[in-house]
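Structural features, examined
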Amino acid sequence: MQHSAHLLDIQHLKTHFATFEGVARAVDDVSFHLDRGEVLGVVGESGCGKSVTAQSIMRLIPEPPGKIVGGHIWFDGMDLTTLDPAAMRRIRGDRIAMIFQEPMTSLNPVYTIGDQIAEMFELHRGMKRREAWQQAVAMLEKVQIPAPHKRAGEYPHQLSGGMRQRAMIAMALACDPEILIADEPTTALDVTVQAQILDLMLQLKEDFQTAVMMITHDLGVIAEVAQRVVVMYAGKVVEQAPTLALFEDPKHPYTRGLLRSIPKLGERSRQGRRHLEEIPGMVPGLLELPPGCRFEPRCSHATAVCREREPELLDLGSNRLVRCHLYGS
Amino acid sequence: MTTYILRRLVQGVVVLLAVSMICFIIFRYLGDPVLTMAGKYATQQEIQEVRRAFGLDQPTYVQYGRFIWNALHGNFGKSYVSRVPALGLILERFPATFELACAAMLIALTLGIGLGVAVSLNPSSWPSRLIMAGSLGGISVPTFLTGVLLIMIFAVYIGILPPFGRGETVQIGFWRTGLLTADGLRHLVLPATTLAMYQLAVLLRLTRAGMREVLAEEYIKTAWAKGLPPGKVIVKHALRNVLIPVVTMAGLQFGELIAFSIVTETIFQWPGMGNLLLQSIYETDQPVIVTYIMLAAFLIITINMVVDILYAVLNPKIRYD
Ligand SMILES: Nc1ncnc2c1ncn2[C@@H]1O[C@H](COP(=O)(O)OP(=O)(O)OP(=O)(O)O)[C@@H](O)[C@H]1O
Ligand SMILES: [Mg+2]
């Protein structure tokens, strides 16, 4: 058995989907790790496999059509990819929790908020209903929902989107998990509410000493909360770096493209509405991936070798990894 | 909530009034009751006397008013044939029909929901496909055919279940039940299954469709992510959401099971209200027919109202204003 010094260590994870047209390699040889108490950002365009990676960790991939076909996910000496279902259930919610993108639909409409949070305490802590309910109210208070006693008795449709996402966070953190996976937790919310939710998550992360894996396609969110970033493209990790280093000196052409496509503070006031650069071309379909580098068709630095051979993930030192032939010897 | 219930009550009364009007027309104008009562060979004078005695010589609205007045007092007149109050005659048959309908509903609900959930979890397995094909049969094969087939198989060929009648019954107060004896229960199996078949198929398809939809919902992913075991996710989180329309449907169908068990009761010679109705139609026994229609309308309206209120209670999103 292999051990890892990291809290969560994903090694060469491959999650594929069998579709009518062929096998979609949604996550293809993805490796990264998460350490205690850190916030790791995972960015990439829509469809690059962020959610599939998260669901693989939780073992929530719908099977069929999906399947983890290779790799390991090490957590506390266990390989989550092969853990038996009962043991996996004890980890889910209790030690690794997850919140989803859509606060409108990720709470069950026929149970009260309090019931849904209390369920966590009943399930993982073996509490009786009364006690679990009190704990649920306490959790609602911690996520700064006003009048938590009253709110606990309300149904999801009686709450606003921001309130619901707070309730989701309360539910996820109920059992004081070691890891919180947040899959685009703020994407569906108004900008002002987004900022509040991010602040709340950061504060709770300190209080609960939880490591957070923040999935987003918004580099602005990453800049605000993450210490380290994993950039994904078409099922692969293309770059990994500390947040500051990544923003100051992006290595992979894809990362550079992503950074150019977000507005910088100050520039707008000087030049009026600056036209944002977009990365030309489209994300390739997972079924018609190019033989070489997956970004090659859209890359302005592409050379012959990029078309022929897929680049390896190179270690550039000082915690930086990049998957690009530009940095090969 | 109170206004909601009140409004439903008023609606129910209006519908009942409409039904009563139709009943009155049937009663008064379809075939001359005087002739039926006085007999074929009555003289003109006898006919006049009967007409006066029953108040049938008065203006229509007076007659209708009295009809309603009597109906409100549970008095729908006497059966022309057996000369006893029609309502009593029907109520005497009510337990048989009610027990049959309850048994059918129980079969339809448990099998319908159970199989519907099972099919939704494994939609492409061959047992699922077989069940779905069978459910189409359940919807499209007419009741009399199902009944006759069941009799042929289980009563004639295999010979393990009785083909007709209610078997041994026990009288408890006004209620004559067949549920307390083994013989009575054995007699219940085939007719209840026959009566249940259509509802079972409908509930099964409804459950399956609902489950397929709900299982794809985000909150089901949340439920798995909480670490809940499959049973809790499927029953507590998914099925609970599907149950609202399914139970509503079942409730709405229940009144109809009671009211329209006529075919099943006829095939199995079940001594219930449906059987009585058919017999009364043969004999042009209008008081019984009218009473049956009024009672059926009353039952269906009441049950629908109860179901609507339950639906509102079950579904937190319903508003009453
Ligand atoms: N249930 C599924 N069946 C088939 N293919 C799937 C399924 N789920 C995901 N995929 C494939 O996996 C790819 C990656 O999906 P994923 O949801 O991880 O993207 P994402 O990075 O989370 O994007 P987004 O920002 O839109 O959430 C998709 O392009 C899709 O082809
Ligand atoms: Mg996603």
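Not measured: the values here are computed from a predicted model.

**Examining the pairing of strand S10 (residues 236–242) of chain A**
- Taking burial as the measure, the seven residues of S10(A) include six buried ones, the bulk of the element.
- Adjacent in sequence and paired antiparallel, strand S9 (residues 228–233) of chain A and S10(A) are bridged by two residues, among which Ala234(A) carries a positive phi angle near 45 degrees.

**Looking at the sheet that holds strand S1 (residues 8–19) of chain A**
Residue and element names in this part refer to chain A.
- Strand order in this open sheet of four strands is S2-S1-S4-S5, and the pairing throughout is antiparallel. Edge positions in the open sheet fall to strand S2 (22–34) and strand S5 (78–79), since each of these has one partner strand only.
- Here S1 runs beside S2; their pairing, made up of nine bridges, is antiparallel. Note on S2: the bridge partner recorded for Leu-8 is Leu-34.

**What about the site of ligand 1?**
Residue and element names in this part refer to chain A.
- In the vicinity of ligand 1 there are 13 residues, among which Ser-46, Gly-47, Lys-50, Ser-51 and Val-52 approach most closely.
- In this structure, Ser-46 approaches ligand 1 through a side-chain N or O atom, which is 2.4 Å from an oxygen atom.
- Lys-50 has a polar backbone atom sitting 2.9 Å from an oxygen atom of ligand 1.
- Contact with the protein chains covers 67% of the free accessible surface of ligand 1, which is 630 Å².
- If one sorts the elements of the shell around ligand 1 by residue count, helix H1 (residues 50–58) sits on top with three residues.
- Classifying every residue of the shell around ligand 1 gives six nonpolar, four polar and three charged.

**Quick look at the environment of Gly65(B)**
All names here are of chain B.
- Examined against the element boundaries, Gly-65 turns out to sit in helix H4 (residues 60–72).
- We classify Gly-65 as partly exposed; its relative accessible area is 36%.
- It is 38 Å that separates the C-alpha atoms of Gly-65 and Val-313, two residues lying 248 residues apart in sequence.

**What to know about unusual backbone geometry**
All names here are of chain A.
- Phi angles above zero are rare outside glycine, and Arg-59 is one such case at about 55 degrees.
- You can call Arg-59 partly exposed: its relative accessible area is 24%.
- Of note, Ala-234 is a non-glycine position whose phi angle comes to about 45 degrees, a positive value.
- Position of Ala-234 relative to the elements: it lies in the loop between S9 and S10.
- A relative accessible area of 1% places Ala-234 in the buried class.

**Quick look at the UniProt feature "transmembrane region" (unreviewed entry) in chain B**
- UniProt tags residues 12–31, 98–121, 133–160, 188–206, 242–268 and 288–314 of chain B as "transmembrane region" (unreviewed entry).
- Summarising residues 242–268 of chain B: 89% helix, 0% strand, and an end-to-end C-alpha distance of 34 Å.

**Notes on the sheet that holds strand S6 (residues 96–99) of chain A**
All names here are of chain A.
- Strand order in the open sheet formed by eight strands is S6-S7-S8-S3-S9-S10-S12-S11, with mixed pairing between adjacent strands. Edge positions in the sheet fall to S6 and strand S11 (314–317), since each has one partner strand and no second. Shown here is a sheet whose adjacent strand axes are inclined to one another by a mean of 20 degrees, direction ignored.
- Of the pairings in the sheet, the one linking S9 to S10 comprises six bridges and is antiparallel in character. Within S10, the residue paired with Met-232 across the bridge is Val-237.
- Here helix H6 (residues 161–173) sits on the sheet in contact with S6 and strand S7 (179–183), set at roughly 170 degrees to S6.

**Concerning the side chain of Lys226(B)**
- Mapped onto the secondary structure, Lys226(B) falls in the loop between helix H9 (218–225) and helix H10 (230–259).
- Take Lys226(B): its relative accessible area is 4%, and that puts it in the buried class.
- Here Gln116(A) takes part through its backbone oxygen, which lies 2.7 Å from a polar atom of the side chain of Lys226(B).
- Those residues within four positions of Lys226(B) in sequence are excluded, and the remaining contacts are Arg92(A), Gly93(A), Gln116(A), Glu119(A), Met120(A), Leu123(A), His124(A), Met171(A) and His237(B).

**Some points on the UniProt feature "domain: ABC transporter" (unreviewed entry) in chain A**
- Those residues carrying the UniProt feature "domain: ABC transporter" (unreviewed entry) are residues 10–259 of chain A in this numbering.
- End C-alpha to end C-alpha, residues 10–259 of chain A measures 26 Å, and it is 40% helix and 27% strand.

**Here's the deal with the pattern of salt bridges**
- Here the structure, examined in full by the defined rule, presents 20 salt bridges over all chains.
- We note a salt bridge from Arg228(A) to Glu38(A), for which the minimum N-O separation is 2.8 Å. With Arg228(A) in strand S9 and Glu38(A) in the loop between S2 and strand S3 (39–43), the pair connects residues that are 190 residues apart, well separated along the chain. Judged on exposure class, the residue Arg228(A) and its partner Glu38(A) are both buried.
- Its salt-bridge partner being Lys221(B), residue Glu218(B) comes within 3.7 Å of it at the nearest N-O pair. One end of the pair, Glu218(B), and the other, Lys221(B), are both in helix H9, three residues apart, so they sit about a helical turn from each other.
- On the accessibility criterion, Glu218(B) (18% relative accessible area) is buried.
- A residue is classified by how much of its surface remains accessible, and Lys221(B), at 26% relative accessible area, is partly exposed.

**Focus on the interface of chain B and chain A**
- Listed per partner, the contact involves 20 residues of chain B and 25 residues of chain A.
- Between chain B and chain A the total buried area reaches about 2,200 Å² when both faces are included, carbon and sulfur atoms providing 61% of it.
- Our count for the contact surface shared by chain B and chain A stands at two salt bridges.
- Residue Glu119(A) is joined to Lys236(B) by a salt bridge in which the shortest nitrogen-to-oxygen separation is 2.9 Å.
- When contributions to the side of chain B that touches chain A are tallied by element, the ones reaching two or more residues are H9 and H10 of chain B.
- In terms of residue count, H10(B) provides more of the side of chain B that touches chain A than any other element does, seven residues in total.
- Considering only residue class, the side of chain B that touches chain A consists of eight nonpolar, four polar and eight charged.

**A few points about H9(B)**
- Most of H9(B) is tucked away, with six of its eight residues classed as buried.
- Each element contacted by the buried residues of H9(B) is listed here: H1, S6 and H6 of chain A together with helix H8 (182–215) and H10 of chain B.
- Downstream of H9(B) by a residue or two, Gly227(B) has a phi angle that is positive, lying close to 95 degrees.

**Some details on helix H6 (residues 126–140) of chain B**
Residue and element names in this part refer to chain B.
- Relative to the 21 Å expected for 15 residues at 1.5 Å per residue, H6 spans 21 Å between its end C-alpha atoms, a close match to the ideal helical length.
- For H6, the complete set of buried residues consists of Ser-128, Met-132, Ser-135 and Gly-138. Each buried residue of H6 lies within a common arc of 110 degrees when the element is viewed along its axis, so the set occupies one face. Along H6, the residues that are exposed and aim more than 90 degrees away from the buried face are Trp-126, Arg-129, Leu-130 and Ser-140.
- In the core, the buried residues of H6 are packed alongside helix H5 (86–121) and H8.

**Some details on the packing of aromatic side chains**
- This structure, assessed with the given rule, holds eight aromatic pairs over all chains.
- Between Phe24(B) and Tyr64(B), the aromatic rings sit 5.3 Å apart at their centres with planes inclined by 70 degrees, giving edge-to-face as the arrangement. Here Phe24(B) is found in helix H1 (residues 2–29), whereas its partner Tyr64(B) is found in helix H4, with 40 residues between them in sequence.
- Through a chain of ring-to-ring contacts, the aromatic side chains of Phe94(B), Phe98(B), Trp175(B) and Phe254(B) assemble into a single cluster.
- Its end group placed over the ring of Tyr111(A), Lys236(B) keeps NZ or CZ at 5.7 Å from the ring centre.
- Taking the ring centre of Tyr111(A) as reference, the NZ or CZ of Arg240(B) above it sits at 5.7 Å.

Cut-offs and rules
- Residues numbered from 1 in each chain as written.
- Chains lettered and ligands numbered in written order.
- Predicted model: local features only at pLDDT ≥ 70, side-chain atom pairs only at ≥ 80, totals over all residues.
- Heavy atoms only, no water.
- Buried < 20%, exposed > 50% of the residue type's maximum accessible area, 1.4 Å probe, protein only.
- Helix = DSSP H or I, 4+ residues; strand = E, 2+ residues; numbered from the N terminus.
- Pairing = 2+ DSSP bridges.
- Near = heavy atom within 4 Å.
- Polar contact = N/O pair within 3.5 Å; in protein donor to acceptor, adjacent residues only side chain to side chain.
- Areas by Shrake-Rupley, 256 points an atom, 1.4 Å probe, with all protein chains shown as cover.
- Nonpolar A, V, L, I, M, F, W, Y, C, P; charged D, E, K, R; others polar.
- UniProt positions renumbered as here; feature names shortened; annotations may be inferred.
- Axes fitted to C-alpha atoms, helices over the stretch in contact; angles between N-to-C directions.
- Contact = heavy atoms within 4.5 Å.
- Salt bridge = Lys/Arg side-chain N within 4 Å of Asp/Glu carboxyl O.
- Buried area = accessible area lost by both parts, 1.4 Å probe.
- Expected span 1.5 Å × (residues − 1).
- Arc of directions from axis to C-beta.
- Phe/Tyr/Trp six-rings, centres within 6.5 Å; stacked < 30°, edge-to-face > 60°.
- Lys NZ or Arg CZ within 6 Å of the ring centre and 35° of its normal.

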